[in-house]
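# Residue-level structure breakdown
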Amino acid sequence: MAESVKYYLAVDIGASSGRHILGWMQDGWLQTKEVYRFPNGMVQQDGHLIWDIEELLGHVKRGIKRAKAAVGGDRTEDMPELAAGVIESLSVDTWGVDYILLKGDETVYPCYAYRDSRTEASIPEVHKRIPFADLYRRTGIQFATFNTIYQLYEDKMAGRLDGVTDFLMMPSYLMYRLTGRKAHEYTNSTTTGMVSAETGEYDMEIVDALGLPRHLFPVPEAPGTLLGEYEGIKVVLCATHDTGSAVEGIPMKEDAPYISSGTWSLLGVKTPAPITNEGSMEANWSNEGGVGYTRYQKNIMGMWVANELRRELCPDTSFPDIVRMAEESSFDGTVDVNGEAFMAPESMKAAFDAALSDKPETAGDYFRCAYRSLALCYKAAIEELERNTGRSYDSIYIVGGGAKNAFVNRLTEEATGKKVEALPLEATALGNLKIQMEGK
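Residues numbered from 1 in each chain as written. Predicted model: local features only at pLDDT ≥ 70, side-chain atom pairs only at ≥ 80, totals over all residues. Heavy atoms only, no water.

## Notes on the overall build of the protein chain
What counts here: Strands here are runs of E lasting at least two residues and helices are runs of H or I lasting at least four, both read from the DSSP assignment and numbered beginning at the N terminus. Here's how the labels work: a residue is buried when its accessible area is under 20% of the maximum for its type, exposed when over 50%, partly exposed in between, all with a 1.4 Å probe on protein chains only. Pairs of residues are marked as contacts when any of their non-hydrogen atoms sit within 4.5 Å. Accessible surface area values rest on a Shrake-Rupley calculation with a 1.4 Å probe, where residue burial reflects the displayed protein chains alone. None of His or the chain ends enter the tally, which takes Lys and Arg as positive and Asp and Glu as negative. Charge coordinates come from a single atom per side chain, which is NZ of Lys, CZ of Arg, CG of Asp or CD of Glu.
Secondary structure summary: the protein chain contains 15 helices and 18 strands in total. Across its three principal axes, the protein chain shows a C-alpha extent of roughly 65 × 50 × 45 Å. Burial analysis of the protein chain (440 residues in total) assigns 58% to the buried set. Nonlocal contacts in the protein chain, meaning residues at least 24 apart in sequence, comprise 70% of its contacts between residues at least 6 apart. When the accessible surface of the protein chain is summed, it comes to about 17,900 Å², and 48% of that surface belongs to carbon and sulfur atoms. Charged side chains of the protein chain number 44 positive and 64 negative; the gap between the two group centres comes to 2 Å.

Listed below in structure tokens is the structure:
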């Protein structure tokens, strides 16, 4: 009788879609198979952008059920390449900064999305109590309007923290709903802008200065920690911030910068310790938690702008056709895609029109403008990275869905003068699986 295969399940949820990917070792190599995919996206409710967390949880559970059926004895799924076996463990990763409030075991709704504008009033109030220069020196986290620290302070101002016993980052909340165990995971906790760059724990001086309840901020736990079980499957913490898992999943030949390219582009490099000098603060670089290292990186708007342009201009056109349209265009205009105007506009086309003196005439013009602008952002970020680290680099690794865009890869190579190693693989899922399998 053939030996039962030991599988691991990565549940990787991005801002526009999620997927369940099984991983197993075969002949010394990690093999993967996507068994479930589902759409995701923010929804409008009462004038705010929110996440439908119950819908997400439903997809998580349906995907686990599909994965179990795919490798179970009844072999009900049409995936003959998967041998019978058992799922040893699973873990969930998502984007950072967003969270869910709890009163005991009662979920506090709604779950606000990071692109919502609700922090406009809380940001200056936070900085009155702790100037941003002090926040950066203590945490090393870049300024972004959606950082958890500003969202939590908005909750305090609105009275939403009254009676709250816990806040859990998105993936921790989903795993809590599977296991009943509440946990803060280190890599995702660093995205709150409230974790000490020195200790790796929540900075209680920040917590006290803002008058936030201390009990909300337990010591973060390391990737690899066992949380419990769900239907006989162990549930463990991976690097639950998706970029943390993505960096673990990149098969680097050398220590080089990476771009995790999806809705956001995260450009950075592994460093042994945080870099919190004035140059890093002024250039708005972040020091986020990695698995035994710091991810010194910067948020760049990423494929969000192209996705929104497609939704508005040509929703039925495939991305390969969109890329071809962009390549055929000769439009020379560019915009600062990191500008606030492109964060969550009602019309992405109108945002481009307002930023350009010469207006695009075709859909291809808009996409060419978006892709060229993105490559120029990468160029500026690489120059900052080399200046701030005192190092020069010869190559860049690009992973994630955006790595499939050969046009952007070529533009990036031309703009930066660096060799682009494009790896169009599910790096986040690979890192998620790697941490489960190695118990890191």
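Structure shown, so let's carry the discussion forward.
## Observations concerning the sheet that holds strand 10 (residues 166-169)
The condition that has to hold: Each pair of strands is called paired provided DSSP finds at least two bridges between the two strands. Fitting a line to C-alpha atoms yields each axis, with helices limited to the stretch in contact; the angle taken between N-to-C directions then spans 0 to 180 degrees.
One open sheet holds the three strands; their spatial order is 8-7-10, and the pairing between them is antiparallel. The sheet is open, and its two edges are formed by strand 8 (106-108) and strand 10, each paired on a single side. Ignoring strand direction, the axes of neighbouring strands in this sheet form an average angle of 35°. One ladder, built from three bridges, connects strand 7 (residues 99-103) with strand 8; its direction is antiparallel. Along strand 8, the bridge assignment pairs Lys 103 with Glu 106.

## Considerations on unusual backbone geometry
Residue Pro 110 is reached from Tyr 109 by a cis peptide bond, and omega for that bond is 0°. Relative to the assigned elements, Pro 110 resides in the loop between strand 8 and strand 9 (111-112). Not every positive phi belongs to a glycine, and Asp 46 is a case in point at roughly 55°. Structurally, the position occupied by Asp 46 is in the loop between strand 4 (43-45) and strand 5 (48-51).

## Notes on the sheet that holds strand 6 (residues 85-93)
Taken in spatial order, the six strands of this open sheet run 3-2-1-6-12-11, and their pairing is mixed. Both edges of this open sheet fall to strand 3 (29-39) and strand 11 (226-230), since each of them pairs with a single strand only. Strand after strand, the sheet turns through a mean of 25° between neighbouring axes, direction not considered. Sheet topology note: the strand 1 (residues 5-13)/strand 2 (residues 17-26) ladder contains six bridges and is antiparallel. Opposite Asp 12, over in strand 2, you have Arg 19 as the bridge partner. Of the strands in this sheet, strand 1, strand 2, strand 3, strand 6, strand 11 and strand 12 (233-236) touch helix 1 (residues 53-71), which is tilted by about 135° from strand 3. In this fold helix 15 (residues 427-438) packs onto strand 1, strand 2, strand 3, strand 6 and strand 12, with an angle of close to 135° to the strand it touches most, strand 1.

## Digging into the nonpolar core
The following threshold applies: The criterion is simple. A nonpolar core is a set of buried Ala, Val, Leu, Ile, Met, Phe, Trp, Tyr and Cys residues joined through side-chain atoms within 4.5 Å.
Phe 352 and Tyr 371 are the most contacted members of the largest nonpolar core, which has 124 residues in total. Per-element tally for this core: the top contributor is helix 13 (residues 363-389), with 12 residues. Those residues in contact with Phe 352 that sit more than four places away from it in its chain are Val 305, Leu 309, Val 335, Phe 342, Tyr 366, Cys 369 and Ala 370. Listed in part, the 14 residues of the second largest apolar core include Cys 238, Val 247, Tyr 258 and Tyr 397.

## Re the pairing of strand 15 (residues 286-289)
Alternating residues of strand 15 divide into Ser 286 and Glu 288 and Asn 287 and Gly 289, and every residue in both groups is buried. Pairing of strand 15 with strand 16 (residues 294-300) involves four bridges; the strand directions are antiparallel. Bridging from a neighbouring strand, Gly 289 pairs with Thr 294 of strand 16. Hairpin remark: strand 15 followed by strand 16, antiparallel, with four residues in the connecting loop; positive phi at Gly 292, about 90°.

## Some remarks on the side chain of Ser 189
Here is the rule: Any N or O atom pair separated by 3.5 Å or less is treated as a polar contact, with the protein-specific requirement of one donor-capable and one acceptor-capable atom, and with residues adjacent in sequence counted only for side-chain atom pairs.
One can find Ser 189 in helix 6 (residues 186-189). Given the relative accessible area of 0%, Ser 189 is considered buried. Polar side-chain contacts of Ser 189 include one of 3.3 Å to the side chain of Tyr 202. Once you skip the residues sitting within four places of it in the chain, Ser 189 turns out to touch His 184, Val 195, Tyr 202 and Pro 220.

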